[in-house]
Amino acid sequence: MISVQEALTILQQNLPAPRVIRVPLEEAFSHRLAEDICAPEHSPRYTSSAMDGYAVRWQDVMGAANQTPIRLQIAGESQAGIPYDGVVGVQEAIRISTGAMLPEGADTVIRVEDTRENGGGVEILDCRKQGQDVRYAGEEFTAGTKILEQGQVLHPRHIALLSAVGVDSIPVYDAPRVSLLITGTELAHHGDGSIKPFQVRDSNAPMLKSAVLEAGGVLIECLHVEDDYTATVEAIRRALAKESDIILCSGGVSVGRHDHVKEAAEEVGLHQLFWKIKQKPGKPLFVAKNGATLLFGLPGNPVSAFMCFQNYVIPSLAAMQGVSYLKKSISARAEVVIENSGKRTDFIRVVITDEPNAVPTIRPIPQQGSHMLSSIVGADGYIVVEPGSTLAPGELTEVFVF
Ligand SMILES: Nc1nc2c(c(=O)[nH]1)N[C@H]1C(S)=C(S)[C@@H](COP(=O)(O)OP(=O)(O)OC[C@H]3O[C@@H](n4cnc5c(N)ncnc54)[C@H](O)[C@@H]3O)O[C@H]1N2
Ligand code: MOO
């Protein structure tokens with residue numbers, strides 16, 4: 001059996017390289033940028049008005065006030081999308097809408113509220129400073145400025161920024177392609193109304209499907225096989241033929257007479273990277289490789305499957321999307337004594353309590369069985385405690401957050 005660290009290192013050395021694809025902006029949501037993006041255009045693109053009002057020359061209106069209004073001639077209009085094509089002359093005003101292009105010759109905008117129209121003219125009743133309510137071309141950033149960094153996950157606000165400056169398609173990391181293979185003769189669908197007393201509802205398939213999506217992967221297919229060697233061989237062969245980056249198997253990796261995943265994987269040409277890690281839960285995790293495809297044989301116990309997904313599959317999927325091979329962690333203090341008197345590294349599920357102006361504290365979930373899903377639902381993360389080691393109350397430790 002190898003250690004947790006050895007397993008992580010082997011995995012890191014064998015990860016498929018990230019694939020870069022160019023996608024139209026409309027399809028970029030939730031992808032990760034593969035390159036820095038520089039703005040092709042200034043923002044704003046042109047100098048415009050921030051308010052509805054009149055575009056004027058500061059020289060003509062300075063000093064205008066309620067008691068001493070200044071009258072200008074209205075010479076035209078600049079509407080958003082229909083600019084005024086002349087030049088603003090002496091003592092002229094141009095009606096202007098919010099977002100409309102500031103006409104040549106004007107340098108200041110007077111809001112409608114600070115004016116009074118009469119006849120063909122307008123009286124300016126107030127003005128504060130030259131350039132008021134003008135938005136200048138390039139004032140946010142100029143063309144060529146770096147606006148987004150490689151690795152950024154594209155949320156709606158990032159997509160808005162890219163479209164505002166005329167980016168039409170972008171290089172992103174392709175979502176890793178994942179095939180799921182759920183093994184187990186005892187399994188029944190979660191919605192099965194005529195489940196037999198000796199059957200188990202399949203919670204790994206729904207969990208892993210959503211876990212893959214949450215980690216940025218794309219699910220190619222989800223196959224179910226009974227604990228049958230030939231069926232398992234065929235299912236893995238099929239997943240390989242689909243050019244999966246990752247084949248994620250559930251169950252059938254221990255030493256029972258009906259555990260076939262390891263032998264079946266080897267039969268179709270995957271070679272073992274490791275099998276069995278000195279850890280709890282998840283001891284029989286099996287990882288194998290064929291070309292650019294990695295196979296994870298997750299143990300069938302639902303908590304073991306989840307914890308192996310957290311500790312090994314998530315960092316792998318992240319690395320395949322251009323993110324360094326890291327797990328998200330925080331520092332926290334133990335509330336109580338936490339010890340590992342066993343022989344395997346223990347992934348102890350903990351509840352995190354935020355403390356005002358202090359380091360958060362943690363306490364273990366009381367029931368940690370690898371068949372008890374409540375041990376991960378009731379927890380906020382896990383700590384890694386080596387065999388024979390003890391955390392004293394108040395001691396700082398690293399917590400990997402779910
Ligand atoms: N003699 C030994 N037996 C076992 C060992 C060992 O070292 N020696 N290791 C134990 C450990 S640790 C684990 S973890 C399990 C892993 O076994 P498998 O990966 O072969 O998983 P299965 O036997 O198929 O199932 C185990 C358990 O999980 C339930 N299960 C399976 N699939 C699902 C699913 N999709 N949804 C919900 N529950 C599932 C299954 O019914 C079993 O109860 O092996 C130990 N045995
Ligand atoms: O890996 Mo097992 O999870 O210890 O039950």
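Residues numbered from 1 in each chain as written. Chains lettered and ligands numbered in written order. Predicted model: local features only at pLDDT ≥ 70, side-chain atom pairs only at ≥ 80, totals over all residues. Heavy atoms only, no water.

The name given to the protein in an unreviewed UniProt entry is Molybdopterin molybdenumtransferase, with the source organism recorded as Desulfopila aestuarii DSM 18488. Quoted verbatim from the Function (unreviewed entry) heading of the UniProt record, the comment on the protein is "Catalyzes the insertion of molybdate into adenylated molybdopterin with the concomitant release of AMP." Per UniProt, the comment on the protein under Cofactor (unreviewed entry) is "Mg(2+)". (UniProt positions renumbered as here; feature names shortened; annotations may be inferred.)

Enquirer: Residue-level account of the site of ligand 2, with values.
Expert: Around ligand 2 sit Pro281, Gly282, Lys283, Pro284, Asn301, Ser304, Arg344 and Ser370, and those are all the residues in its vicinity. Taking Ser304, its side chain carries an N or O atom lying 2.3 Å from an oxygen atom of ligand 2. Between ligand 2 and Arg344 there is a distance of 3.1 Å, counted from an oxygen atom to a side-chain nitrogen or oxygen. Broken down by class, the residue content of the shell around ligand 2 amounts to two nonpolar, four polar and two charged. (Near = heavy atom within 4 Å. Polar contact = N/O pair within 3.5 Å; in protein donor to acceptor, adjacent residues only side chain to side chain. Nonpolar A, V, L, I, M, F, W, Y, C, P; charged D, E, K, R; others polar.)

Enquirer: So, the sheet that holds strand β5 (residues 70-78): which residues are in play, and what are the values?
Expert: Where strands meet in a sheet, backbone hydrogen bonds hold them as pairs that are either parallel or antiparallel. Spatially, the six strands line up as an open sheet ordered β7-β4-β6-β5-β9-β8, and their pairing is mixed. Two strands bound the open sheet, and with one partner strand each, they are β7 (108-111) and β8 (115-118). For this sheet, the mean angle separating the axes of adjacent strands, direction not counted, is 40 degrees. Bridge count between β8 and strand β9 (residues 121-124): four bridges; the pairing is antiparallel. Opposite Asn118, over in β9, you have Gly121 as the bridge partner. (Pairing = 2+ DSSP bridges. Helix = DSSP H or I, 4+ residues; strand = E, 2+ residues; numbered from the N terminus. Axes fitted to C-alpha atoms, helices over the stretch in contact; angles between N-to-C directions.)

Enquirer: Quick rundown of the domain arrangement of the protein? Include the residues and the values.
Expert: Here the protein is partitioned into domain 1 (4-16 + 175-319), domain 2 (21-43 + 145-173), domain 3 (48-135) and domain 4 (329-401). A separation of 39 Å is found between the C-alpha centroids of domain 2 and domain 4. (Domains from an automatic or database assignment.)

Enquirer: Report on the packing of helix α1 (residues 4-13) against helix α7 (residues 302-319), specifying residues and quantitative values.
Expert: Between α1 and α7, whose axes approach to 11 Å, the crossing angle comes to 25 degrees. The orientation of α1 relative to α7 falls into the category roughly parallel. For α1 against α7, the interelement crossing comes out right-handed. Residues Val4, Ala7, Leu8 and Leu11 of α1 touch α7, and the partners they reach there are Asn311, Tyr312 and Ser316. Its residues placed into classes, the contact of α1 with α7 shows five nonpolar, two polar and no charged. (Parallel < 35°, antiparallel > 145°, perpendicular 65-115°, else oblique. Left-handed = near helix turned anticlockwise from the far one by under 90°. Contact = heavy atoms within 4.5 Å.)

Enquirer: Lay out the pairing of strand β6 (residues 92-96) in plain terms, naming residues and giving numbers.
Expert: Sheet analysis places strand β4 (residues 53-56) next to β6, joined by three bridges and oriented antiparallel. Pairing of Tyr54 across the sheet is with Arg95, part of β6. Pairing geometry for β5 and β6, over five bridges, is parallel. Within the sheet, the bridge partner assigned to Ile74 lies in β6 and is Ala93.

Enquirer: Tell me about the site of ligand 1, and please be specific about residues and values.
Expert: Taken together, the neighbourhood of ligand 1 is formed by 22 residues, with Glu186, Asp202, Ser254, Lys283 and Gly300 sitting nearest. A distance of 3.1 Å is found between an oxygen atom of ligand 1 and a backbone nitrogen or oxygen belonging to Val253. At 3.1 Å, a side-chain N or O of Asp259 approaches an oxygen atom of ligand 1. Secondary structure elements with two or more residues in the shell around ligand 1: β15 (200-201) and α7. When the residues that make up the shell around ligand 1 are grouped by side-chain class, the tally is eight nonpolar, nine polar and five charged.

Enquirer: Can you tell me about helix α5 (residues 229-241), naming the residues and giving the values?
Expert: Every α-helix winds through 3.6 residues per turn, so residues three or four apart in the chain are directed the same way. Given a rise of 1.5 Å per residue, 13 residues ought to cover 18 Å, and the 18 Å separating the end C-alpha atoms of α5 matches this to within 8%. Those residues of α5 lying buried are Thr232, Val233, Ala235, Ile236, Ala239 and Leu240. Each buried residue of α5 lies within a common arc of 165 degrees when the element is viewed along its axis, so the set occupies one face. The outward face of α5, more than 90 degrees from its buried face, is lined by the exposed residues Thr230 and Ala241. Buried residues along α5 sit against β13 (177-183), β16 (218-225), β17 (246-250), α6 (261-267), β20 (286-290) and β21 (293-298). (Expected span 1.5 Å × (residues − 1). Buried < 20%, exposed > 50% of the residue type's maximum accessible area, 1.4 Å probe, protein only. Arc of directions from axis to C-beta.)

Enquirer: Kindly report on the nonpolar core, identifying the contributing residues and their values.
Expert: By size, the foremost hydrophobic cluster in this structure holds 39 residues, and its most contacted members are Leu248, Phe296, Leu298, Phe309 and Tyr312. Among the domains, domain 1 (4-16 + 175-319) and domain 4 (329-401) are the pair contributing at least three residues each to this core. Residue contacts for Phe309: discarding those within four places in its chain leaves Leu208, Ala211, Val212, Ala215, Leu248, Leu298, Ile314, Pro315 and Leu317. Core analysis: the second largest hydrophobic core is formed by 19 residues, Ala235, Val253, Val268 and Leu295 among them. (Core = buried A, V, L, I, M, F, W, Y, C linked by side-chain atoms within 4.5 Å.)

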